[in-house]
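Chain by chain, the residues run as shown.
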Amino acid sequence: MCWTLLLLLVMTAQPGYGHGRGLFETQAEAKQRAAELNCTGVHPNNGRWMPCRDEADLHRAMRRQ
């Protein structure tokens, strides 16, 4: 791969993109997303809420989509 292209991809990548799609302000929002992802439970993360019982479960659920 061309180094310039690789550098461009790294520079424009959104940090925490997966987390950005999985972080919610309320526990209820995270529960709703968990139902959409077919996982159970929610868990706190830095003052916000994430769907699924833990982060590993969330990543598995997101890969299944």
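Residues numbered from 1 in each chain as written. Predicted model: local features only at pLDDT ≥ 70, side-chain atom pairs only at ≥ 80, totals over all residues. Heavy atoms only, no water.

K.L.:
Account for the pattern of salt bridges, naming residues and giving values.
P.N.:
Taken as a whole and judged by the stated rule, the model has three salt bridges. Here Glu25 and Arg48 are joined by a salt bridge, their closest N and O atoms 3.0 Å apart. Placement of Glu25 in the loop between helix H2 (17-22) and helix H3 (27-37) and of Arg48 in strand S2 (residues 48-51) is noted, with a sequence separation of 23 residues between them. A relative accessible area of 53% places Glu25 in the exposed class. (Salt bridge = Lys/Arg side-chain N within 4 Å of Asp/Glu carboxyl O. Helix = DSSP H or I, 4+ residues; strand = E, 2+ residues; numbered from the N terminus. Buried < 20%, exposed > 50% of the residue type's maximum accessible area, 1.4 Å probe, protein only.)

K.L.:
Lay out the nonpolar core in plain terms, naming residues and giving numbers.
P.N.:
In terms of nonpolar packing, the biggest core is built from eight residues, these being Ala34, Leu37, Cys39, Met50, Cys52, Leu58, Ala61 and Met62. Counting residues per element, the ones that place at least two in this core are H3 and helix H4 (55-64). For this core, the element with the highest residue contribution is H4, accounting for three residues. Setting aside its immediate chain neighbours within four residues, Ala34 contacts Cys39, Gly41, Pro51 and Cys52. (Core = buried A, V, L, I, M, F, W, Y, C linked by side-chain atoms within 4.5 Å. Contact = heavy atoms within 4.5 Å.)

K.L.:
Can you tell me about the state of the cysteines, naming the residues and giving the values?
P.N.:
Inspection of the entire model under this criterion finds one disulfide. Between the sulfur atoms of Cys39 and its disulfide mate Cys52 the distance is 2.0 Å. Here the disulfide of Cys39 and Cys52 is left-handed, its torsion about the S-S bond being about -80°. Taken together, the positions of Cys39 in the loop between H3 and strand S1 (42-45) and Cys52 in the loop between S2 and H4 put the pair 13 residues apart, joining distant regions of the chain. Just as Cys39 is buried, Cys52 falls in that class too. (Disulfide = S-S within 2.5 Å.)

K.L.:
Describe the confidence of the model for the protein chain, naming the residues involved and giving the relevant values.
P.N.:
Confidence along the protein chain averages 78 in pLDDT terms, with 68% of residues attaining 70 or more. When the criterion is pLDDT under 50, residues 3-18 qualifies, and its contacts beyond four places in sequence or with other chains add up to three contacts. (pLDDT = per-residue confidence, 0-100.)

K.L.:
An account of the environment of Leu23 is needed here, citing residue identities and associated values.
P.N.:
Mapping Leu23 onto the fold places it in the loop between H2 and H3. Once the C-alpha coordinates of Leu23 and Gly47 are considered, the two residues, 24 residues apart in sequence, prove to be 9.6 Å apart. When residues no more than four places from it in sequence are discounted, the contact partners of Leu23 are Asn45, Arg48, Trp49 and Met50.

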